[in-house]
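Observations on the three-dimensional arrangement
This is what each chain is made of:
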Amino acid sequence: MDRLTDVAQLEGWVPARFFWREGKPFVDWCYLGAQRFEASFFEQTMGKCMARPFNLLFRHQTPIEVLEQWQQTRPGMNPTGFIFHMSRCGSTLLCQMLKAIPTNVVISEARPIDATLRAQFTATETTDDQRISWLRWVVSAMGQPRLGGEQNFFVKFDAWNTLDLPLIRRAFPDVPWIFLYRDPVEVLVSHFSNRGAHMIPGVLTPTLFGMDVQTAFSMRPEDYCAKVLASICSAALQYYPDGGRLVSYQELPQVVPESLLKFFKLRCSAEDLASVQAATKRDAKNSSTTFQSDSQQKQDKATDAIRDAADKWLYPIYEALEAARELQPAVS
Amino acid sequence: MISRFKLPFNFDPEALRSDLDRISPDEWVTHFNQDYFEGEWTGVALRSRGGSTRQLASQSVAQLTFADTPLLERCPYVRKTLSTFQCTLQSVRFLKLAAGSQIKEHRDYDLGFKEGQLRLHIPVTTNPDVQFFLDAHRVELRPGECWYLDLSLPHWVENRGADDRIHLVIDCELNEWLRGFLPPELAGDSEVNESDKNFSSPEELQRFRQAVLKDLNLQRRLRETDDRESFIRLLVGLGRQLGYRFSAADAEDAMRAEQQAWIERWID
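All figures in this text were calculated on a predicted structure; none of them were measured in a lab.

1. A few points about the overall build of chain B
Across its full length, chain B carries 10 helices and 13 strands. By the burial criterion, 31% of the 268 residues in chain B qualify as buried.

2. Points about the interface of chain B and chain A
When the parts of a complex come together, some accessible area is lost, and that lost area is often taken as the interface size. Chain B puts 16 residues into the contact, and the matching count from chain A is 10 residues. Of all elements in the fold, only helix H7 (202-213), helix H8 (216-222), helix H9 (228-241) and helix H10 (248-263) of chain B reach the threshold of two or more residues within the side of chain B that touches chain A. For the side of chain B that touches chain A, the element with the highest residue contribution is H10(B), accounting for 5 residues. Broken down by class, the residue content of the side of chain B that touches chain A amounts to 8 nonpolar, 2 polar and 6 charged.

3. Things to note about the confidence of the model for chain B
Residues and elements named next belong to chain B. This prediction gives chain B a mean pLDDT of 86; 91% of its residues lie at or above 70. Summarising per-element confidence for chain B, the mean pLDDT is lowest in helix H6 (residues 192-197) (46) and highest in strand E6 (residues 89-97) (95). Contacts from residues 189-195, a stretch scored under 50 in pLDDT, to residues over four places away or in other chains number 7 contacts.

4. Focus: the sheet that holds strand E7 (residues 102-106) of chain B
All names here are of chain B. Strand order across the open sheet formed by 5 strands is E3-E7-E12-E9-E10, with antiparallel pairing between neighbours. Each of the sheet's edge strands pairs with one partner strand only, and the pair in question is strand E3 (37-38) and strand E10 (137-138). Pairing between strand E9 (residues 130-134) and strand E12 (residues 155-159): 5 bridges, direction antiparallel. Looking at the pairing, Val130 lines up with Asn159 of E12.

5. Points about the environment of A:Ser193
Here A:Ser193 lies in helix H9 (residues 184-193). On a C-alpha basis, the gap between A:Ser193 and A:Lys301 in space is 9.9 Å, while along the polypeptide they are 108 residues apart.

6. Things to note about the pairing of strand E1 (residues 13-21) of chain A
All names here are of chain A. Bridge count for E1 against strand E2 (residues 24-31) is 8 bridges, and the pairing is antiparallel. Of the residues in E2, the one forming a bridge with Arg17 is Asp28. In textbook terms, the turn of a hairpin is the stretch between consecutive antiparallel strands, and for E1 and E2 this stretch comprises 2 residues, one of which, Glu22, has a positive phi near 45°.

7. Examining the pairing of strand E5 (residues 104-108) of chain A
Residues and elements named next belong to chain A. Burial analysis of E5 places 5 of its 5 residues in the buried class, the great majority of the element. Both faces of E5 are covered, namely the face carrying Asn104, Val106 and Ser108 and the face carrying Val105 and Ile107. Taken together, the 5 bridges between E5 and strand E6 (residues 152-156) define a ladder with parallel strand orientation. Residue pairing in the sheet places Ile107 in a bridge with Val155 of E6.

8. Some points on the packing of helix H3 (residues 65-73) of chain A against helix H7 (residues 128-142) of chain A
Residues and elements named next belong to chain A. Between H3 and H7, whose axes approach to 9 Å, the crossing angle comes to 55°. With respect to their mutual orientation, H3 and H7 come out oblique. As H3 runs across H7, the sense of the crossing is left-handed. The residues of H7 that touch H3, namely those facing Leu67, Glu68, Trp70 and Gln71, are Trp137, Val138, Ser140 and Ala141. Residue composition of the contact of H3 with H7, by class: 5 nonpolar, 2 polar and 1 charged.

Scoring rules and cut-offs
Residues numbered from 1 in each chain as written. Chains lettered and ligands numbered in written order. Predicted model: local features only at pLDDT ≥ 70, side-chain atom pairs only at ≥ 80, totals over all residues. Helix = DSSP H or I, 4+ residues; strand = E, 2+ residues; numbered from the N terminus. Buried ≥ 20, exposed ≤ 12 C-beta atoms within 10 Å, placed from the backbone. Contact = placed C-beta atoms within 7 Å. Nonpolar A, V, L, I, M, F, W, Y, C, P; charged D, E, K, R; others polar. pLDDT = per-residue confidence, 0-100. Pairing = 2+ DSSP bridges. Axes fitted to C-alpha atoms, helices over the stretch in contact; angles between N-to-C directions. Parallel < 35°, antiparallel > 145°, perpendicular 65-115°, else oblique. Left-handed = near helix turned anticlockwise from the far one by under 90°.

Below, the structure written as structure tokens:
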């Protein structure tokens, strides 16, 4: 399918993946049907889809421009809010709470979204204007109503997408956003038990975080990880006055019902609020237990190398975030 | 050898029942195997050797050819049902085991799968108190489903319920189209399958995949099952029906390759 000849062709389909063919960006579409993005991450929903034999053999593969036609024929919901975060700081819990309201759609760390934002690393001639268009198109395709009755649409980005805030703001100047962060030692301890993609030089290019490849590989891993997190946090601190709000892990979970729902201009019924509260009773990654801060356990596990790296690269910026957060006016 | 298998067709039991209403009570004739049952076991033919509505048997009149009976004219949904089958039909009958009746244990040796024949059962009316045992296993058949049953194995039926049990029973000739819907153990039971293997054609499968992406109806049908084996049968069968010849092994290979590609999708 080079062009969309019939709107019905993509009804119920979702961009599962971006790929490059002969230097041109393509979309791999997967049939999702009337399904909610229930899982914690977009990739988990896609993984479930791919377990169905039909989806293995039948996927539309189209040039990226078909996304634009799709947006024109079937515009998705306008995003209600964006969630940025430093990783390992409670963003999954926050999304589960938003998702607890049945009319909210939450897309979490979708690879196709990240791929549009990082397209210039794959094809260096990609311009910012192209990335902005692609991002708008793919977000529109993700924000399609699938069940009927959906009202709000949230996108949680990958941690490193925070660095692209200026471009994302150009694409979506009116969408309010938050940046969630946590005590640096606790974040580092979590990564050192199971490192995220951005914490391994080479999985994501170190140039994304302002480091050259050689320096990156010669550094102690603790220092590399701390520097990556520092660059993410600095971006948030620099850009938050433009439509953003800083949120600390320590404020979870009550900050959601008490101020974030209002910040995102959600109108909630008493029932909605009860559902949001109930979601805190489930730990984001272990649904049988109530959410409890595990700061103390994380602090106890910190090695000297982690503490040194956090002190050197992260605490100054963390303290600046804390100071800025305390100066934020209450949400009215 | 598989003793029973549900084919991926579903018919509308309501519509079949409204066809039944067009048959008057005096048209039903008693089944010829009188030694096998107690109570009331009757039938009407919609297609039979010689074309008579009352001819339920095939063996005893082997000199006559199969022809539609006048009753088929009156039964539009049966006609529609039969049009699904892209194979030569032999006899087509409604068989009724009245409430309180039973068919004693017996085997039907004349149903020769190896001779290239296949008998299909489509239940029209039944009830939970029908007990059908095939090869000592209780088998439950629901209205509108379509079943292959190996009746050369010992089987018996007791209708202990208050309602009649009526099946549409279709005898047909095995061909490639039909084989496409059968599990490999069954489809592999004759030499025809040997030539099937020669039909392996990944290119044909590729073309069929492209055709499916343009056809929303085919997509809907293929999404009906998430079970890998029945999906492959459905895929091969639908392909055959539309003139795309590829084997179940081609489908297996393609699915494995896609799975691998999906796992490796981020490695560029």
